[in-house]
Amino acid sequence: MGVITSLPLYIAGESLDAQGESPTINSLDGSQTLRVRTTSAGELRRALRFAAQSQEYLATTTMAERIAVARLVMREYRHYAEEVVWGLGKFRGIVSGDCRWMIKLLGQWADELEAFVAAVWQLDQDFSRQIIQGRQRLAQLSYRSKGFAAFYSAATMDGPPLIAALCHGILSGTHLIVRPSWRDTVTHFMFALLDQHQLGRYAQLVRWPSVSPQSSSLNQQLIVHSPQAMIFCTDLSFARLAAEAGLTTVAAINAKMKKYGTGLPLVIVTEHCNLVEAAEKIVRGACLGNGKFCLSHGPVLVAQSVYSAFKQLVIALAEARRLEQGEESGKWDPEELPLLARQLARFGGTLAAGKIGVEHMDLLIVSEVSPHSPCLWEEFSGTYLALIAYQHAGEACAIAQRSLGHNQREAWTAVNVFGNAQEFREFAETIASYSFVAGGITAIPQFLLPHQGSYFALDLMRRHCQESQEHAG
């Protein structure tokens, strides 16, 4: 593969490359510049017409065909590994080891797609299920796409995470018009794969900056004319998009748009765990993807009886990580770091290890953090661990549950417990969370799990039930 020089569009089965007059984006260090092809109103109208036609085609495909397409994308994306490493490194500051791990994970998930489909839809081989009572057939249950979808993604989804989400769309038989983040330099390789294999009916790629004279009208055009819109963004961005689309009531918004927000996991360390192993895994989970994954470790509840020992272990690991010769260090936008520093100050506690530099951030270890700290309900887009002491399991559960109310969360994205089996069961039965992990690295799931309790694939579809004619008679 070659060096990336521009970011194309993929509309109506065609690749549209950037021209000399196209706008540009710069790498974090200013050393690289890419031309970006932006979508015009006419091109977006063309994309919408093609989406409607493509949706009719996808309605005729089988689950076996869609699994084959998703598997092809997940496996062959690795052929662009060097470009992905380069793009995420230069424009997002993600270290190459994390990039390669994410690409490898896509390949692992590709081997599990049949199990994934069975877990999501719980249907039989023909993608339907007979509802039977005794010997009588009552109905046939299946799922159908709600229609083609507008799909807005955030910067934290660039590349492999977004590829996984888009493969949910492929499996659901839903055509996606994808509008990635403006500085996404690596997701378009998925569309190159679809184009190479003449599979453009599954998705299109459009692009425009969030702040431009045309962005409001383009957002309105895309959302209003799509049967559904899947939005991965902040609350503020979601409200802006809804307003631009002219959706002014809760009912109207819910009928058209579904929001996926940022994620926040919780880690619990008890006195009955292997502290060395726990510290190693928790530090690793805080550093993956520069701490920007929705499952990156951040707030850690630590039993008071082992607090001091655990604190010293993670400080030592953080220091060793900083001093290790030849280790790559992630980068941040220099304009982002002062904002993170102010957020960290609001979290409170004592900075026990690490610092924030001009374009780098060490793994920050913050101790003596209050159980009422905003770190328990605000995502921090960086590498840090906030150590919060608790006296007993009941107090840990109370802290976890109380924190959910501060930003109207239904549940934690995940709760990771380092302790014995009894403690794991107690926390799993008491704390509201979409998933529970027994002493692992939260950001390294063993299975293609849902985001915040919701599968993209299932959200794109509606349940379809046909009553038995025999029963009706």
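Presented here is a report on the structure given in the accompanying data block.

This next bit is on the overall build of the protein chain. Within the protein chain one finds 17 helices and 20 strands. Its C-alpha atoms give the protein chain a radius of gyration of 23 Å, within 12% of the compact-globule value 23 Å for 473 residues. Taken along the three principal axes of its C-alpha coordinates, the protein chain extends 70 × 65 × 45 Å. A buried classification covers 54% of the 473 residues belonging to the protein chain. Partitioning the intrachain contacts of the protein chain with sequence separation of at least 6 by distance along the chain shows that 74% fall at a separation of at least 24.

With that settled, consider the packing of helix α2 (residues 63-76) against helix α4 (residues 96-110). With their axes 8 Å apart at the nearest point, α2 and α4 run at an angle of 155 degrees to one another. As judged from the angle between their axes, α2 and α4 are roughly antiparallel. In terms of crossing hand, the pair formed by α2 and α4 is left-handed. Judged by residue contacts, Arg-71, Met-74 and Arg-75 of α2 engage Leu-106, Gly-107, Trp-109 and Ala-110 from α4. For the contact of α2 with α4, the class distribution of residues is four nonpolar, one polar and two charged.

This brings us to unusual backbone geometry. Positive phi outside glycine occurs at Ala-12, with the angle close to 55 degrees. In this fold, Ala-12 is placed in the loop between β2 (9-11) and β3 (14-16). Phi is positive for Gln-198, close to 55 degrees, though the residue is something other than glycine. Note that Gln-198 resides in the loop between α7 (188-196) and β10 (203-205).

Turning next to the side chain of His-188. Mapping His-188 onto the fold places it in helix α7. Judged by relative accessible area, which is 5%, His-188 ranks as buried. Here the side chain of His-188 touches Thr-185 through a polar contact of 3.4 Å, landing on its backbone oxygen. Aside from chain neighbours lying at most four places away, what touches His-188 is Leu-7, Pro-8, Tyr-10, Leu-205 and Arg-207.

Let us now look at the pairing of strand β5 (residues 33-36). Only one face of β5 is covered, namely the face carrying Leu-34 and Val-36; the face carrying Thr-33 and Arg-35 is uncovered. Examined bridge by bridge, strand β1 (residues 6-7) and β5 share two bridges and lie parallel to one another. Paired with Leu-7 across the strands is Val-36, a residue of β5. Here strand β4 (residues 24-26) pairs with β5 via three bridges, running antiparallel. When the sheet's bridge partners are listed, Thr-24 is paired in β5 with Arg-35.

The tally for this structure, following the rule as stated, stands at seven aromatic pairs. With a centroid separation of 6.0 Å and an interplanar angle of 35 degrees, the aromatic rings of Phe-347 and Tyr-384 are classed as tilted. Linking Phe-347 in helix α13 (residues 337-347) with Tyr-384 in strand β17 (residues 384-390), this pair joins segments that are 37 residues apart in sequence. With respect to burial, Phe-347 and Tyr-384 carry one shared label: buried. A cation sits over an aromatic face here: Lys-258 above Tyr-260, 5.5 Å from the ring centre. For the cation-ring pair, Arg-409 lies above Trp-412, with the distance from its terminal atom to the ring centre recorded as 4.4 Å.

A word on the nonpolar core. Ranked by size, the top nonpolar core spans 77 residues in total, and within it Tyr-77, Trp-121, Phe-151, Leu-171 and Phe-191 carry the most contacts. When neighbours within four sequence positions are excluded, Tyr-77 is seen to be in contact with Val-84, Ile-103, Leu-106, Gly-159, Pro-160, Ile-163, Val-186, Thr-187, Phe-189, Met-190 and Leu-193. Of all hydrophobic cores here, the second largest spans 56 residues; its members include Leu-301, Ala-318, Leu-376 and Trp-377.

Of all five residues in strand β14 (residues 299-303), five are buried; the element is thus mostly enclosed. Side-chain alternation along β14 places Pro-299, Leu-301 and Ala-303 on one buried face and Val-300 and Val-302 on a second face that is also buried. Pairing analysis gives three bridges linking strand β13 (residues 265-269) to β14, with the strands arranged parallel. Paired with Ile-268 across the strands is Leu-301, a residue of β14.

Spatially, seven strands are ordered β15-β16-β17-β14-β13-β18-β19 in an open sheet, and the strand pairing comes out mixed. Two strands in the sheet have a free side with no partner beyond their single neighbour: β15 (350-353) and β19 (436-438). Across the sheet, the axes of successive neighbouring strands diverge by a mean angle of 25 degrees, strand direction being ignored. Relative to β17, strand β16 (residues 364-367) runs parallel, the two sharing three bridges. Bridging across to β17, Ile-365 finds its partner in Leu-385. In this fold helix α12 (residues 307-323) packs onto β13, β14, β15, β16 and β17, with an angle of close to 175 degrees to the strand it touches most, β17. Strands β13, β14 and β17 of the sheet are contacted by helix α14 (residues 393-404), whose axis makes an angle of about 130 degrees with β17.

Rules used throughout
- Residues numbered from 1 in each chain as written.
- Predicted model: local features only at pLDDT ≥ 70, side-chain atom pairs only at ≥ 80, totals over all residues.
- Heavy atoms only, no water.
- Helix = DSSP H or I, 4+ residues; strand = E, 2+ residues; numbered from the N terminus.
- Rg over C-alpha atoms; globule rule 2.2 N^0.38 Å.
- Buried < 20%, exposed > 50% of the residue type's maximum accessible area, 1.4 Å probe, protein only.
- Contact = heavy atoms within 4.5 Å.
- Axes fitted to C-alpha atoms, helices over the stretch in contact; angles between N-to-C directions.
- Parallel < 35°, antiparallel > 145°, perpendicular 65-115°, else oblique.
- Left-handed = near helix turned anticlockwise from the far one by under 90°.
- Nonpolar A, V, L, I, M, F, W, Y, C, P; charged D, E, K, R; others polar.
- Polar contact = N/O pair within 3.5 Å; in protein donor to acceptor, adjacent residues only side chain to side chain.
- Pairing = 2+ DSSP bridges.
- Phe/Tyr/Trp six-rings, centres within 6.5 Å; stacked < 30°, edge-to-face > 60°.
- Lys NZ or Arg CZ within 6 Å of the ring centre and 35° of its normal.
- Core = buried A, V, L, I, M, F, W, Y, C linked by side-chain atoms within 4.5 Å.

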